[in-house]
Every structure is written in structure tokens, then in C-alpha cells.
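Single-letter residue listing:
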Amino acid sequence: MFPEYVVPPESKREETPFGRYYDSDEWDASHATLQYDELADEFYLHVTTKHVGDADSERQEAAHEDDGSENGVVLGVDLNVNGAFAVTSTGVFIGSADHLTHRRNEFEKRRGRLQQIGTRSAHLTIQSIGDRFSKWSLDWLHNRANELIAEAKRSDVHGIVFENLKHIRKRISNAAKFQQWAVAKFIKLVEYKVEDTVLFVDTVNPAYTSQRCSQCGFVHEDSRSDKSFECLKCDYEVNADYNAAKNIANRYCAYIHRGQKSRGGWATCQLALKSGTLNVNGDFNASPRLEG
Ligand SMILES: [Zn+2]
């Protein structure tokens, strides 16, 4: 696979070494070394430049070959069966999974009591409260899906990225069938709702996304304790689901930078954060973005 490079966006280039040296007529690349970051599973190309004085214009043009590449921005989403139902890489907490579980438990309790009564009318009631609960939970999931899509539009992303369902199922295997259904149904609803928009939905293998520090990339299982995340290396303290959401988006961008074809067809990728975007090299761009 021919590599594709992450370079700073056009509008920010002048502020970066890339813009000042690599992209400049005054300097020319002399040699480069490829470095591998094992934790992030990413490659970095370190380019050495030398001053050329009278620049050879043909070689300058060659340095601009990256200009045609399109950059995409994705929203990472962590889904849960306790605490917040969905947490985005932009730090938005959507719905309470605890509330959903509470409503389900109330329904189960009522059904249990009615089953003990055992009369025909009790059975009819079971049917009707069952129907009502099904409708309520589906409505609830629809509303949460709408909130997530609204956040995706607000943060101007191209794609919404979840963990893949196989891994979610494994992670929440202790949760009741109902919660497993809710999470799967939620992803399906989001997929369905974005069909006639420019947004797409994709998934990643989330291995270590809950143990990885979204700030420095350090991975350790002891960094996470339930809902709190505290990096053992850089001391970054953050809500664990929010940290995971950022890692999910980061993982997707890493796929793109390794040459996987993106759903949007772009070559580079950034993750949407609270107040801007971050690329996999850790270069932060404050909002507003995607300009120029
Ligand atoms: Zn860290």
C-alpha cells in the first residue's frame, strides 16, 4: 500500500515547520527517516530540509503533490450500559443508560407481579404494558440517535464512528439481553437516519481504546477504573468514556492514514474534539476548522 501523509491544513501551514520549511521555496528536502510509534501503531516521516537559495521550481511543485488530498473529520462514540448511554469525542454525554435500565427493571417487576396473579386479565395487562414499554424504549433510542446526529452536524463531521458490535457484545456480555439489544438497535437507527444525509457510520476494532490515554497514547489497564481515567504516564485525568470516545475516533483516523479507503474517499482524517480537531500526529487545530 502506498503511504498517504498527514500534513497540516492549508490555513495553518505557515505556522508549522511543514509550511515554513518543507512547503517553502527557500528550503528543499535533503533526506528523511521513517519512524514507527509502536503504541499508536503509526509511522512518522522526519524530513530534513536544507536552504536552497535559488529554488528549482519543478522540485517545488513536486512538494505540493499533497494539495489534492481531502481531509475528513470523524466523531468517535463510546456506548455504555451504565452511566451515560453515548459519549462523543466532542465531550457530549447523551442519555442515561441507568435510566433506560431502571425503566426496564420497573417493567420486569410489574410483569413478575402480574404473572403471579395469573388471571386472564393480568395476562392482558402484561401484553399491554409490554407493548407500551417496547414503544417507549424504541422512542427513547430514536431520540438519543437524533441527539447524536445533531451533535455530528453541529461539530461538522463527515462520519460517526462506533466500536464494532462484536466487541461491544463481548464487553457488555454480563449485561442483560435488553441492554445488548438497545446498543445494537441504537447503531442500526443511527445508520438508518444518516442514509439520506452526507454523514456515514463506520466502526473500528476497539481493542485497548478504554485503556489508552487519549492525550499521550500510553496504554495500561490500571489507568482506567470504572468511569474515571487517570493516565499512569502523563497524569491526564478525564471521564473514562470520553477518553474512550476520543480513542475510537483516533483509531479510525489511524486506519485511514495506513491507507484504508475511507467512506468519504478522503486521504487524511482528524477527530472532532470539544473545541477543534486533532490529527493522529497530535497536532491540534482550534475551531473554527475546515476553512481555507
Ligand atoms: Zn497520558
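Residues numbered from 1 in each chain as written. Predicted model: local features only at pLDDT ≥ 70, side-chain atom pairs only at ≥ 80, totals over all residues. Heavy atoms only, no water.

S.K.: What exactly am I supposed to notice about the overall build of the protein here?
M.R.: Scanning the protein from terminus to terminus reveals seven helices and 13 strands. Counting across all 292 residues of the protein, residues that qualify as buried make up 42%. Within the structure as shown, the protein displays about 16,100 Å² of accessible surface, and the carbon and sulfur contribution to it stands at 48%. (Helix = DSSP H or I, 4+ residues; strand = E, 2+ residues; numbered from the N terminus. Buried < 20%, exposed > 50% of the residue type's maximum accessible area, 1.4 Å probe, protein only. Areas by Shrake-Rupley, 256 points an atom, 1.4 Å probe, with all protein chains shown as cover.)

S.K.: Please explain the confidence of the model for the protein as it appears in this structure.
M.R.: Should the pLDDT be low somewhere, the predicted coordinates at that spot are not to be read in detail. Overall, the predicted model of the protein reaches an average pLDDT of 82, with 74% of residues at or above 70. Below pLDDT 50 for its whole length, residues 53–69 participates in 15 contacts with residues either more than four positions away or in separate chains. (pLDDT = per-residue confidence, 0-100. Contact = heavy atoms within 4.5 Å.)

S.K.: Hey, could you run me through the packing of aromatic side chains in this one?
M.R.: Aromatic rings in a pair are described by how distant their centres are and how their planes are angled relative to each other. Tallied over the entire structure, the rule returns eight aromatic pairs. Relative to F186, the ring of F85 lies with its centre 5.0 Å away and its plane at 90°, an arrangement referred to as edge-to-face. Of the two residues, F85 sits in strand β4 (residues 84–88) while F186 sits in helix α6 (residues 177–193), which places them 101 residues apart along the sequence. Each member of the pair F85 and F186 is classed as buried. Three or more aromatic residues link up through ring pairs in this structure, and these residues are F107, F133, W136, F178 and W181. The cationic tip of K246 hangs over the ring face of Y242; the distance from NZ or CZ to the ring centre is 4.5 Å. (Phe/Tyr/Trp six-rings, centres within 6.5 Å; stacked < 30°, edge-to-face > 60°. Lys NZ or Arg CZ within 6 Å of the ring centre and 35° of its normal.)

S.K.: Whenever I open this one, the state of the cysteines confuses me. Can you help?
M.R.: A covalent bond bridging the sulfur atoms of two cysteines is what the word disulfide describes. Per the counting criterion, the structure on display carries one disulfide. Residue pairing for C253: its cysteine sulfur links by disulfide to C269, the two sulfurs lying 2.3 Å apart. With the S-S dihedral at roughly -50°, the linkage between C253 and C269 falls on the left-handed side. With a gap of 16 residues between them, C253 in helix α7 (residues 240–257) and C269 in strand β11 (residues 268–273) connect regions that are remote in the sequence. By relative accessible area, C253 is classed as buried at 0%. Residue classification places C269 among the buried residues on the basis of a relative accessible area of 1%. (Disulfide = S-S within 2.5 Å.)

S.K.: How should the nonpolar core be read in this particular structure?
M.R.: One recurring pattern in soluble globular proteins: nonpolar side chains tend to sit buried together. Judged by nonpolar contacts, the single largest core of 38 residues is most densely connected at L79, F85, L148, I160, F162, F186 and V190. Mapped onto this core, the elements with two or more residues apiece are β3 (71–79), β4, α3 (97–117), α4 (120–154), β6 (159–163) and α6. With 10 residues, α4 is the single largest residue contributor to this core. In contact with F162, not counting residues within four places along its chain, are V77, L79, L148, F186, I187, V190, V201, D202, T203, V204 and I248. Listed in part, the 15 residues of the second largest apolar core include V161, F200, C253 and Y255. (Core = buried A, V, L, I, M, F, W, Y, C linked by side-chain atoms within 4.5 Å.)

S.K.: Mind showing me how you'd approach the packing of α4 against α6 here?
M.R.: Axes are the key here: two packed helices are described by the angle between their axes and the distance separating the axes. α6 packs onto α4 with a crossing angle of 50° between their chain directions and a minimal axis gap of 9 Å. When the interaxial angle is binned, α4 and α6 end up oblique. Where α4 crosses over α6, the two elements pack in a sense that is right-handed. In contact with F133, S137, L138, L141, H142, R144, A145, N146, L148 and I149 of α4, α6 contributes F178, W181, A182, K185, F186, L189, V190 and K193. Taken together, the residues that form the contact of α4 with α6 break down as 12 nonpolar, three polar and three charged. (Axes fitted to C-alpha atoms, helices over the stretch in contact; angles between N-to-C directions. Parallel < 35°, antiparallel > 145°, perpendicular 65-115°, else oblique. Left-handed = near helix turned anticlockwise from the far one by under 90°. Nonpolar A, V, L, I, M, F, W, Y, C, P; charged D, E, K, R; others polar.)

S.K.: Help me understand the coordination of the zinc ion in this model?
M.R.: Note on metal sites: the ideal angle is 109.5 degrees for four tetrahedral donors, and 90 or 180 degrees for six octahedral donors. In the first shell of the zinc ion, the protein supplies C213 (SG), C216 (SG), C231 (SG) and C234 (SG), at 2.3 Å from the metal. Bound by four donor atoms, the zinc ion shows angles of 105 to 114° at the metal and therefore tetrahedral coordination geometry. Going along the chain, you hit the donors of the zinc ion in the pattern C-x2-C-x14-C-x2-C. Of this pair, C216 sits in the loop between β7 (200–204) and β8 (224–225) while C234 sits in the loop between β9 (228–230) and β10 (237–239), placing them 18 residues apart in sequence. (Donors = N, O, S within 2.8 Å, 3.2 Å for Na, K, Ca; no water. Tetrahedral: all angles 85-135°; square planar, octahedral: opposite > 155°, others 65-115°.)

S.K.: For this particular structure, what's the right way to read α6?
M.R.: Each turn of an α-helix holds 3.6 residues, which means side chains three or four residues apart point in the same direction. For α6, with 17 residues, the first-to-last C-alpha span of 24 Å sits near the 24 Å given by 1.5 Å per residue. Taken as a whole, α6 has its buried residues at F178, Q179, Q180, A182, V183, A184, F186, I187, L189 and V190. (Expected span 1.5 Å × (residues − 1).)

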